[in-house]
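Structural features, examined
Below, each chain spelled out in residue letters.
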There are 2 protein chains.
Amino acid sequence: MFETNLIGFGLAVGSSVFIGSSFIIKKKGLQRAGASGARAGSGGYGYLQEPLWWIGMFTMVIGEFANFVAYMYAPAVLVTPLGALSIIVSAILAHFLLKEKLGKLGILGCVLCMVGSTIIVLHAPGEHDISSVDQIWELAIQPDFLLYIASAVAVVLVLVLYCEPRYGQTNIMVYIGVCSIIGSVTVMSIKAVGIAIKLTLEGYSQVAHLQSWIFATVSASCIITQLIYLNKALDTFNTAVVSPIYYAMFTSLTIFASAIMFKDWAGEGASDIVSVLCGFITVLSGTMVLHGTREPDKLPSADYTALPQISWVVHSNGEIWKQKENDELHGEFVAIIHQDHFK
Amino acid sequence: MFETNLIGFGLAVGSSVFIGSSFIIKKKGLQRAGASGARAGSGGYGYLQEPLWWIGMFTMVIGEFANFVAYMYAPAVLVTPLGALSIIVSAILAHFLLKEKLGKLGILGCVLCMVGSTIIVLHAPGEHDISSVDQIWELAIQPDFLLYIASAVAVVLVLVLYCEPRYGQTNIMVYIGVCSIIGSVTVMSIKAVGIAIKLTLEGYSQVAHLQSWIFATVSASCIITQLIYLNKALDTFNTAVVSPIYYAMFTSLTIFASAIMFKDWAGEGASDIVSVLCGFITVLSGTMVLHGTREPDKLPSADYTALPQISWVVHSNGEIWKQKENDELHGEFVAIIHQDHFK
């Protein structure tokens, strides 16, 4: 008992290290790719030829796999909080390797995303054991799950067609929204594909089933979309801000989708439901705090000299920097005030 | 079943309205008393002659009583979140009646205090039923509960003797720390007094028991200290900041004290313990956010003109105000930057 818990503990911590690092490695890869061609944030795909990006992808897959296996060895109450540590790992690595400053509010946002996600997962309704592709197909074509899929597609379309050209480069929720919503669908269809593969390996071939191929197609297209938008988010915003928001939104939406599919709220006490709501509010608060600390380094340096009257400059994370006495303005400030902060 | 829940619901909402308003009424009373004599924040007790302050006290007692009764009619999962609404009530009333600006971060802090406290209460360990003064006395003189009392007294002494003269007027945690720590002891001793009164009324007089009088003395001195420091906090800081921090700290410490006294963690699952920890981290985060938004209006107006080079001024809640073109400096700014914000 103690030994299996220890294996689960090790796997969960390992998975956090891998997933946390994968964000940094991918970002490094995106930066390199962006230096020689169109940036991912502007629709470029040069990163596909960048080995560093592929190493990041590989690291992520290993991390997700270790996390998946950890749940087999140790209870969720141990694995989930440890899994949320990936946020801390990526924030620390981003601080040292990418020189991203997170600030007090940023740290607070990370902590809130971790705590909120943990509460949600701990009090989420359970899932039935699924033993056939047909069974999961039945669950997937329930009217209310179809409604969830339809709403997800509608929101994603609005985000991609309307919001992305307008706010994609300034509002972090556009790219991460697409990733997370698509992600919740990915998890559900990947489950079906996993069952199909398992059954086929056990001798009950699912290759002739149309459903298997539908799930495989959905999985493949969801994964690709999710990756493209995660790259855009990573390329445009601070890694230390992207990773906690992505983690929290992905976790919340996956649990929401799973609750609609499995409808296991019957076994839930009122206390669990209120706890999940509280966790969701916490996650939302953390996301809002982090959104307020988004990366300022995209502003052109020319802006500094365009504001000659500045005596103090407020970093977007709330820190305030004073101009040195009798010094030239440019080069003195590490950050610049966002115009929309002014009254 | 539905009807008793409805009564509990009504009582809980009513209690929130009463408790939330009581903060505002008391603050108004303190302001009036401060206008004609020494302020409570500076050690004055003129508010004892101010009818408005007594109305506030009375409102608070009614509110606390309604909250207590609500738990008899409806489950904690319903009463606790509704009780936390008092924070919202006092924030809204403070906005309109006291013209206190809370700002985005302030609202976030309130929400986090509410959500965190709710999670803590929902997953806190249960309490045994206590049926005699001797029984609660036995629990109170356990070594680890005595250690809690000793630590509480030590921390309060440090806060009152060392911190209060130095940081009392600038750091909100000094006054509220004293209130909340003393408050957790109040709750425990009031329980004992309640049992003594109940038993005496039932014919088993507890008047001859020394323990009854010890509990009564402790209760009385704790309540008075708690009230004095709550008045100091209310008189010195924004009501909308005092009420959520007080609520969250009081709730957390009371549950902590009760957990030490009743040691009912045995029946707790790991999931509950992790949830309580998460709730505690959420409360702490909310407190930190609110602490950053403390009232700036205590700074002397002379400071404004002492800083002629200011182009922008940062409100302590994070808002930034620009100086009007070609205008005199004084009167232009609603807030002033705290010196310790500068690098």
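Residues numbered from 1 in each chain as written. Chains lettered and ligands numbered in written order. Predicted model: local features only at pLDDT ≥ 70, side-chain atom pairs only at ≥ 80, totals over all residues. Heavy atoms only, no water.

Some remarks on the overall build of chain A
Each helix and strand counted, chain A has 11 helices and 2 strands in total. Counted from the first residue to the last, chain A has its helices and strands arranged as α-α-α-α-α-α-α-α-α-α-α-β-β. Taking all 343 residues of chain A together, the buried fraction comes to 52%. When contacts within chain A are restricted to residue pairs at least 6 apart in sequence, long-range pairs at least 24 apart make up 78% of them. Counting only carbon and sulfur atoms, one obtains 69% of the accessible surface of chain A, whose full area is about 16100 Å². (Helix = DSSP H or I, 4+ residues; strand = E, 2+ residues; numbered from the N terminus. Buried < 20%, exposed > 50% of the residue type's maximum accessible area, 1.4 Å probe, protein only. Contact = heavy atoms within 4.5 Å. Areas by Shrake-Rupley, 256 points an atom, 1.4 Å probe, with all protein chains shown as cover.)

So, the pattern of salt bridges
Residue and element names in this part refer to chain B. Counted according to the given criterion, the structure contains 4 salt bridges over all chains. The residue Glu 50 makes a salt bridge to Arg 32 at a minimum N-O spacing of 3.6 Å. Here Glu 50 is found in the loop between helix H1 (2-36) and helix H2 (51-73), whereas its partner Arg 32 is found in helix H1, with 18 residues between them in sequence. For Glu 50, a relative accessible area of 12% puts it in the buried group. Using a relative accessible area of 51% as the deciding quantity, one classes Arg 32 as exposed. Across the pair Glu 164 and Lys 232 runs a salt bridge, and its minimum N-O distance is 2.7 Å. Of this pair, Glu 164 sits in helix H6 (residues 143-167) while Lys 232 sits in helix H8 (residues 210-236), and the two are 68 residues apart along the sequence. Relative accessible area serves as the criterion here: at 10%, Lys 232 is assigned to the buried category. (Salt bridge = Lys/Arg side-chain N within 4 Å of Asp/Glu carboxyl O.)

Focus: the packing of aromatic side chains
The tally for this structure, following the rule as stated, stands at 16 aromatic pairs over all chains. Where Tyr 47 of chain B meets Trp 53 of chain B, the ring centres are 4.9 Å apart and the plane angle is 45°; that geometry is what we call tilted. For the pair Tyr 47 of chain B and Trp 53 of chain B, one class covers both residues: buried. Members of the aromatic cluster, joined through ring pairs, are Phe 23, Tyr 246 and Phe 250 of chain A. Taking NZ or CZ as reference, Arg 166 of chain A lies 3.9 Å from the ring centre of Tyr 162 of chain A, over its face. Seen from the ring of Tyr 229 of chain A, Lys 232 of chain A lies directly overhead, with NZ or CZ sitting 4.8 Å from the centre. (Phe/Tyr/Trp six-rings, centres within 6.5 Å; stacked < 30°, edge-to-face > 60°. Lys NZ or Arg CZ within 6 Å of the ring centre and 35° of its normal.)

Overview of H2 of chain B
All names here are of chain B. Its 23 residues place the ends of H2 33 Å apart at the C-alpha level, agreeing with the 33 Å of an ideal helix rising 1.5 Å per residue. Within the span of H2, buried status applies to Leu 52, Trp 53, Gly 56, Met 57, Thr 59, Met 60, Gly 63, Ala 66, Asn 67, Val 69 and Ala 70. Tucked inside the fold, the buried residues of H2 contact H1, helix H3 (76-97) and H8. (Expected span 1.5 Å × (residues − 1).)

Structural notes on the environment of Glu 100 of chain B
You can see Glu 100 of chain B is positioned in the loop between H3 and helix H4 (103-123). Separated by 14 residues in sequence, Glu 100 of chain B and Ser 86 of chain B place their C-alpha atoms 16 Å apart.

Section: a nonpolar patch on the surface
Residue and element names in this part refer to chain A. Taken together, the side chains of Ile 7, Phe 65, Phe 68, Met 72 and Tyr 73 define a hydrophobic patch exposed on the protein surface, amounting to about 560 Å² of accessible area. Looking at the nonpolar patch, the element that brings in the most residues is helix H2 (residues 51-73), giving 4 residues. Checked against the element boundaries, Met 72 lands in helix H2. Residue classification places Met 72 among the exposed positions, given a relative accessible area of 59%. (Patch = residues over 30% accessible without salt bridge, like charges linked within 9 Å, V, L, I, M, F, W, Y side chains within 5 Å.)

Remarks on the nonpolar core
Residue and element names in this part refer to chain B. Phe 145, Leu 230, Val 242 and Met 261 are the most contacted members of the largest nonpolar core, which totals 73 residues. Counting residues domain by domain, this core receives three or more from each of domain 1 (1-99) and domain 2 (123-294). If we ignore the near neighbours within four places in the chain, the residues touching Phe 145 are Leu 139, Ala 140, Met 188, Ala 257, Ile 260 and Met 261. (Core = buried A, V, L, I, M, F, W, Y, C linked by side-chain atoms within 4.5 Å. Domains from an automatic or database assignment.)

Notes on the domain arrangement of chain A
All names here are of chain A. Structurally, chain A comprises domain 1 (1-99), domain 2 (104-293) and domain 3 (296-343). Look at where the C-alpha atoms of domain 1 and domain 2 centre, and you get two points 17 Å apart. Contact residues are listed per partner, giving 28 residues for domain 1 and 24 residues for domain 2. Summed over both partners, the interface of domain 1 with domain 2 buries about 2200 Å², with 68% contributed by carbon and sulfur atoms. For the domain 1 face of the interface with domain 2, the top three residues by lost area are Phe 23, Lys 27 and Ile 87, together amounting to 27%. On inspection of domain 1 and its partner domain 2, the count reaches 0 salt bridges. The tally of links between domain 1 and domain 2 comes to 6 residue pairs in polar contact (both at pLDDT 80 or more). For the side of domain 1 that touches domain 2, the secondary-structure elements that each account for two or more residues are helix H1 (2-36), H2 and helix H3 (76-97). Of the residues belonging to the side of domain 1 that touches domain 2, the class tally is 20 nonpolar, 5 polar and 3 charged. (Buried area = accessible area lost by both parts, 1.4 Å probe. Polar contact = N/O pair within 3.5 Å; in protein donor to acceptor, adjacent residues only side chain to side chain. Nonpolar A, V, L, I, M, F, W, Y, C, P; charged D, E, K, R; others polar.)

Topic: the side chain of Thr 287 of chain B
Among the secondary structure elements, Thr 287 of chain B is positioned in helix H10 (residues 270-291). Setting aside anything within four residues of it in sequence, one finds Thr 287 of chain B in contact with Cys 113, Met 173 and Ile 245 of chain B.

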